There are 2 protein chains.
Amino acid sequence: MSDDRMSSVVRPRPDAAVTLRPVAGGRVGGGFWGARQRVNREVTIPLGGERVRESGAFDNLRLTGRHRGKVFADSDVYKWLEALAWERGRAEDDDLAASYKEAAELVAAAQCPDGYLHTHTQLTGRERYSDLASSHELYCAGHLMQAAVAGSRAVGDRTLLQVATRFADHLVATLPENALDGHPEVETALVELHRETGTRSYLDLAARFVATRGHALLPLKGHHGPGIRQDRVPVREAATVEGHAVRAMYLAAGAADVAVETSDLGLLDALERQWRDMVATKTYLTGGLGSVWYGEQFGGPHDLAPETAYCETCAAVGSIQWSWRMLLATGRAAFADLIERTLHNAVLPGLSLGGDRFFYVNALRVRAGANPDDFRAPARGRQDWYGTACCPPNVMRLLSSLDHYLATRDGDGVQLHLYAPGTVRAGDVVLEVETDYPWSGRVEIVVRETPDRPWTFSARIPAWADAAEVSMAGMDDRPAEPGSYHRLRRTWRPGDRIALDLGVRPRLTAAVPRLDVARGQVAVERGPLVYCLEQADHPGVIVDDLCVAGADLRDGTAVAGLPADVVPVIARGRAHVHREEDGGFPYRTAAGPREPEHGGPVDLTFVPYYAWANRGVGPMTVWAPMHR
Amino acid sequence: MSDDRMSSVVRPRPDAAVTLRPVAGGRVGGGFWGARQRVNREVTIPLGGERVRESGAFDNLRLTGRHRGKVFADSDVYKWLEALAWERGRAEDDDLAASYKEAAELVAAAQCPDGYLHTHTQLTGRERYSDLASSHELYCAGHLMQAAVAGSRAVGDRTLLQVATRFADHLVATLPENALDGHPEVETALVELHRETGTRSYLDLAARFVATRGHALLPLKGHHGPGIRQDRVPVREAATVEGHAVRAMYLAAGAADVAVETSDLGLLDALERQWRDMVATKTYLTGGLGSVWYGEQFGGPHDLAPETAYCETCAAVGSIQWSWRMLLATGRAAFADLIERTLHNAVLPGLSLGGDRFFYVNALRVRAGANPDDFRAPARGRQDWYGTACCPPNVMRLLSSLDHYLATRDGDGVQLHLYAPGTVRAGDVVLEVETDYPWSGRVEIVVRETPDRPWTFSARIPAWADAAEVSMAGMDDRPAEPGSYHRLRRTWRPGDRIALDLGVRPRLTAAVPRLDVARGQVAVERGPLVYCLEQADHPGVIVDDLCVAGADLRDGTAVAGLPADVVPVIARGRAHVHREEDGGFPYRTAAGPREPEHGGPVDLTFVPYYAWANRGVGPMTVWAPMHR
């Protein structure tokens, strides 16, 4: 199949060492994600523009007055511009185009004659690159490059691409040998700029950054060691991910880009090893990453306490970026499984259903009687915006580019990774997808256009699926294997219809024993969605006292205060009786652990975790103890 | 009995509304605490002097050059001076006296002509009291006053007392109406200075601070609300403790002092209510306080995760200060119970056995494979000193004044609260105590001097004691009631011997069900000591995988690398088998929680928690799951 001009966030060069390639025309056409995209376009992105404007980030670009906001304030503008660009690519719109033009021209005008651009440095007069460990100069450059690539790919606008290439040329020409930004991000951006422009020196610079990292060259900061900035162990040698979770994800994504573009299979193997260790020992059930508030870091293995989970929304976005690159490189379903999990349960909770409020931190539990002065944001609900506003525009740009993650192609056919109604154009194949996923597990794929020769259609059978519940045409001779692609090779005809049923019966989930914080507890999942118990649905008891009392779960009907399409899960439960005697010193001599005493049966209503805190904020938990 | 001149940290005025009064001559004469006091005197205090000197805090007092260290650096000097004073009172010593004199004279010389003293303000030229929320000016003044009272009471030295009274007079005369320090401490100090000097205005100022607090008058800081500094709810109205744990304890201690000296029983009731809520919902098994790293705060009720426990050593010291004042006020054993628990398990772990290394934070669990960049101090072991060095000299002054907490008297007799070998002089009663407590539960009290009239001897039967194991002369007619005082009233004769046996058989402890982080788990205690599993004693397995497999515990013999008198506890256990299949995504569909698979029986060696991390630092846990 031909190498189309593809509107895609990642577009490996023709000689890149990848197994799968993005397709030109994935397009979400409604359903679950279509609704989220509409809210993103109509509410979140316009509101984001206002907030960015109010923060002073546009004024900074005018290079007058004092710099406002954080040193990385420029990046808020760039990420928002990237979202605008992808949105314009999905459907051109005068307002979007005007907003884009205004901001892009501000950016262009702010650039120094030699190509440098970082308003904090320009406005404060601080020496360029004198404090790269903290200044975020290259981090901002990276976001500029990504916005520029989006503008170029989505609508052919070269305003920002010229700015980005001039800046990149300046970096190539002037950056000292061992220069490293404290916050990785520019690596993946440089590779994409190389992909967009063909300029090899951008790839070389990214490769140099990846190779230089991990030798403790960055100055230390505060109480932290070099690991906080992924500067303790070289990427090629690391066995796991560590330090600041967002930085770790961006670095890994960039390293994966470098690996495939330079056919560095050793580096790719190292990244896959780290990814597997992350998934096995450092990933929350939601796909969220980072359990240590101090430094927004990964904890040690199995250090995944639900209440103190950090799970920064940006880390989830970064995780999807890394996994997508690994999926293209290897074609392995595990990467797509994590993308689906993370998208539904770690990115989406970052945004209110109305699209106008944001979580930066995503805890898996909020306790009754939480300290009213506790900074931990989940207990205080989503916020309008943040002083460090990295997360909101990160969600915007991901939702605007979600189409790119639906499908891929290889020499033999087309692979469907995410399920949403819409169309997939891959060379001379056009597929139409009809589904009410994730509420229903039924996905119908209609072949609209096809060449007159055999090719393979591959559908991801998610790891969460129950093999016995999965059905698909042509599956009779081979059982479904959750966590892999089911492949059908044939000469397709226009109008052929593939009916896939993944089964989304609600299920209980338990953790391996080493994951001590979940011992004795279960979670409820349904399809790709992680559920939670929320106080709003359980008047008269507090969520802290609830436990699951049986493994039989059923779909409920509409939940008050949530959109009508949301399917709750009903479970049998009991509420622990808080006894008078429990009100004293809470530790007592006993022959063994004290089992709670429970009252009569109650119905538990589980709602999707992404939808929590949309009806006020109260106690919530993803994990609940199981009554014996 | 007469109102002796008492060397005591707390000395209520004769008309104070207290039930119990300190005694003149409690004196630890060896044993467990005697050994700790010797190390404190011979190693910790001299080392503390060096560290304080190195920190620049003495240089600051010379008022030349730039201020070094934190804004509260002066308080390190004062707390260390307080320890020196109490030590000199216990046994005069030329070196201690010379060290004291040098530092006290530096302090005196640094005072401004009008009585003000705060070297950070003096050296930076910042306006006095212009940023009381952060400047710690009154916090330092409080520590100065406490050192001054110690010098006066312990050795009759009035150098610092003159400095302190001039400063206090200055505060009384000049502080604006609503002035409040961000960090409470001066309240309790002012009351004690009032007690020492009789100057009523000091008490009035303390009472004003207590009354002013809780009306959100302090400017907010960072992301915190007013609760972080106990400025959200007035002390008299609060139902619980909240915010920064050390500040909360110091404030409560000061409020208790104000309450008894002003016979404000409403305030005292409020404090008792808060104390009970703290004990029921916000206290770790160790007595440690504070579960939120961000802001060193209390969490919500039952928010007591062992791994992320903050349990600042200073908060434990402050807790003892508060509980002691409540004990004097009410005579209730619960306060002494918490003092004993906190002293052994929350203060003592803050100091290495050698006396030269310190924990600021005291976690109840350290996991295998902890993030090497994690700032959380426990995983990195005790440190030589801290940039914020509040904890080390706090432990020093407490150990130097520990004698004061052994016993009290009332109109009817003498009460023994803590058990250590030594003597207790209370008016015309002299008792001698012989014991190997806490290793043994046997305590023998010999009446050495007694008036020829009946009086009541009261011994605390700790709440942890098993009534069936407790024996005491005269107990035949009344069973022991753990958590109360056992009283013997008679006309005592010199030479009378009271044999008390509290029983220190090792026991399993469980938590009430709402304390979810301990569900399914047990801890081991023995007498007043909380135990833990430490990696050093379990080669070949990791502590994370260990569980208790039976309720029968026994005393072990000496533990390699710990002092010979330390009694370990041996329990039957098993090690969870980590299976290959557990190495993937750690969440699986299941009908219920996944129970670990366990290998054959192993002996578990529990060691006292206070002694952990003296043989290197590795995984450790206070709570362990119970095998079913």
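Residues numbered from 1 in each chain as written. Chains lettered and ligands numbered in written order. Predicted model: local features only at pLDDT ≥ 70, side-chain atom pairs only at ≥ 80, totals over all residues. Heavy atoms only, no water.

(A) Inspection of the overall build of chain A at higher detail. Secondary structure summary: chain A contains 15 helices and 21 strands in total. Since a compact globule built from 628 residues should have a radius of gyration of about 25 Å, the 24 Å found for chain A is in line with a globular shape. For chain A, the C-alpha atoms occupy an extent of roughly 75 × 65 × 50 Å along the three principal directions. Sequence-distant contacts, at least 24 apart, represent 70% of the contacts inside chain A between residues at least 6 apart. Summed over all atoms, the accessible surface of chain A reaches about 20,100 Å², with 49% contributed by carbon and sulfur. Seen as two clouds, the 70 positive and the 81 negative side-chain charges of chain A have centres 1 Å apart. (Helix = DSSP H or I, 4+ residues; strand = E, 2+ residues; numbered from the N terminus. Rg over C-alpha atoms; globule rule 2.2 N^0.38 Å. Contact = heavy atoms within 4.5 Å. Areas by Shrake-Rupley, 256 points an atom, 1.4 Å probe, with all protein chains shown as cover. Lys, Arg positive; Asp, Glu negative; His and termini not counted. Charge placed at Lys NZ, Arg CZ, Asp CG, Glu CD.)

(B) Expanded view of the relation of the copies chain B and chain A. Mapping chain B onto chain A is achieved by rotating through 180° and translating by 0.0 Å along the same axis, at an RMSD of 0.0 Å. The superposition of one copy onto the other is thereby described by a two-fold rotation axis. Most of the interface of chain B is mirrored in chain A, where 100% of its interface residues again form contacts. (Least-squares fit on C-alpha atoms with pLDDT ≥ 70 in both.)

(C) Structural context of unusual backbone geometry. Geometrically, the link from Tyr437(A) to Pro438(A) is a cis peptide bond, its omega value of 5° lying close to zero. Topologically, Pro438(A) is positioned in the loop between β7 (429-435) and β8 (442-449). In this model, Leu63(B) sits at a positive phi of 60°, which is unusual for a non-glycine residue. By the element assignment, Leu63(B) lies in the loop between α2 (57-61) and α3 (73-90). At Ser263(B), a residue that is not glycine, the phi angle is positive and equals roughly 50°. Tracing the backbone shows Ser263(B) in the loop between α11 (245-261) and α12 (265-281). Note on Ser263(B): relative accessible area 43%, which makes it partly exposed. (Buried < 20%, exposed > 50% of the residue type's maximum accessible area, 1.4 Å probe, protein only.)

(D) How the structure looks around the packing of helix α1 (residues 31-54) of chain B against α3(B). Residue and element names in this part refer to chain B. The interhelical angle for the contact between α1 and α3, taken along N-to-C directions, is 150°, at an axis separation of 11 Å. Crossing hand, α1 versus α3: left-handed. On α3, the residues that touch Gln37, Asn40, Arg41, Ile45, Gly48, Gly49 and Val52 of α1 are Asp76, Val77, Trp80, Ala83, Leu84, Glu87 and Arg90. Split into classes, the residues belonging to the contact of α1 with α3 amount to 6 nonpolar, 4 polar and 4 charged. (Axes fitted to C-alpha atoms, helices over the stretch in contact; angles between N-to-C directions. Left-handed = near helix turned anticlockwise from the far one by under 90°. Nonpolar A, V, L, I, M, F, W, Y, C, P; charged D, E, K, R; others polar.)

(E) Representation of the interface of chain B and chain A within the structure. Each side of the interface is counted separately: chain B has 78 residues, and chain A has 78 residues. Between chain B and chain A the total buried area reaches about 6,300 Å² when both faces are included, carbon and sulfur atoms providing 55% of it. Taken together, the links from chain B to chain A amount to 6 salt bridges. Taking the shortest distance from any N to any O, the salt bridge between Asp516(B) and Arg367(A) comes out at 2.8 Å. Along the contact surface separating chain B from chain A lie 18 residue pairs in polar contact (both at pLDDT 80 or more). Taken together, the elements giving at least two residues each to the side of chain B that touches chain A come down to α12, β13 (507-511), β14 (521-526) and β18 (587-589) of chain B. (Buried area = accessible area lost by both parts, 1.4 Å probe. Salt bridge = Lys/Arg side-chain N within 4 Å of Asp/Glu carboxyl O. Polar contact = N/O pair within 3.5 Å; in protein donor to acceptor, adjacent residues only side chain to side chain.)

(F) Representation of the packing of aromatic side chains. Taken as a whole, this structure holds 38 aromatic pairs over all chains when the rule is applied. On the numbers, 5.8 Å between centres and 40° between planes, the contact of Trp455(B) with Trp492(B) is tilted. Within this pair, whereas Trp455(B) is found in strand β9 (residues 454-461), its partner Trp492(B) is found in the loop between β11 (484-491) and β12 (497-501), the two being separated by 37 residues in sequence. Trp492(B) shares its class with Trp455(B); the two are buried. Taken together through their ring pairs, the aromatic side chains of Phe32(A), Trp33(A), Trp439(A) and Tyr610(A) make up a single cluster. A cation over an aromatic ring shows up here: Arg88(A) above the ring of Tyr100(A), its NZ or CZ 5.1 Å from the ring centre. (Phe/Tyr/Trp six-rings, centres within 6.5 Å; stacked < 30°, edge-to-face > 60°. Lys NZ or Arg CZ within 6 Å of the ring centre and 35° of its normal.)

(G) Here's a closer look at the sheet that holds β7(A). Residues and elements named next belong to chain A. The antiparallel open sheet is built from 6 strands, whose spatial order is β2-β6-β7-β8-β12-β10. Each end of this open sheet is capped by a strand with a single partner; those strands are β2 (25-28) and β10 (471-472). Bridge analysis of β8 against strand β12 (residues 497-501) gives 5 bridges, and the strand direction is antiparallel. Across the sheet, valine 446 pairs through a bridge with arginine 497, a residue of β12. (Pairing = 2+ DSSP bridges.)

(H) Spatial organisation of the pairing of strand β9 (residues 455-461) of chain A. Residues and elements named next belong to chain A. Most of β9 is tucked away, with 7 of its 7 residues classed as buried. Judged by which residues are buried, β9 turns out to be covered on both faces: Trp455, Phe457, Ala459 and Ile461 on one side and Thr456, Ser458 and Arg460 on the other are all buried. In this structure, strand β5 (residues 413-416) lies alongside β9, joined through 4 bridges in parallel fashion. Residue pairing for β9: glutamine 415 is matched across the bridge by serine 458. Here 7 bridges tie β9 to strand β11 (residues 484-490), and the two strands are oriented antiparallel to one another. Across the sheet, the residue bridging to alanine 459 is histidine 486, located in β11.

(I) Region of the structure containing the pairing of strand β13 (residues 507-511) of chain A. By the criterion of burial, β13(A) is predominantly enclosed, with 5 of the 5 residues buried. Residue alternation in β13(A) divides its side chains into two sets, Arg507(A), Thr509(A) and Ala511(A) and Leu508(A) and Ala510(A), and both sets are buried. Relative to strand β14 (residues 521-526) of chain A, β13(A) runs antiparallel, the two being bridged by 3 bridges. By the bridge assignment for β14(A), Arg507(A) is matched with Glu525(A). Taken together, the 3 bridges between β13(A) and β18(B) define a ladder with antiparallel strand orientation. Paired with Ala510(A) across the two strands is Arg588(B), which belongs to β18(B).

(J) Spatial organisation of helix α11 (residues 245-261) of chain A. Residues and elements named next belong to chain A. For α11, with 17 residues, the first-to-last C-alpha span of 24 Å sits near the 24 Å given by 1.5 Å per residue. Burial within α11 is extensive, with 17 of its 17 residues counted as buried. Once α11 ends, the next one or two residues include serine 263, with phi positive near 50°. (Expected span 1.5 Å × (residues − 1).)

(K) Fine view of the sheet that holds strand β4 (residues 407-410) of chain A. Residues and elements named next belong to chain A. Judged by pairing direction, the sheet is mixed, and its 5 strands sit side by side in the order β1-β4-β5-β9-β11 without closing on themselves. Edge positions in the sheet fall to β1 (21-22) and β11, since each has one partner strand and no second. Where β4 and β5 come together, 4 bridges link them in antiparallel fashion. Bridge pairing in β5 places arginine 409 opposite valine 414. Contacts between helix α13 (residues 313-330) and the sheet are confined to β1, β4 and β11, with β4 contributing the most and set at about 25° to the helix. The strands that helix α14 (residues 333-347) touches are β9 and β11; relative to β9, the one it contacts most, it runs at about 50°.

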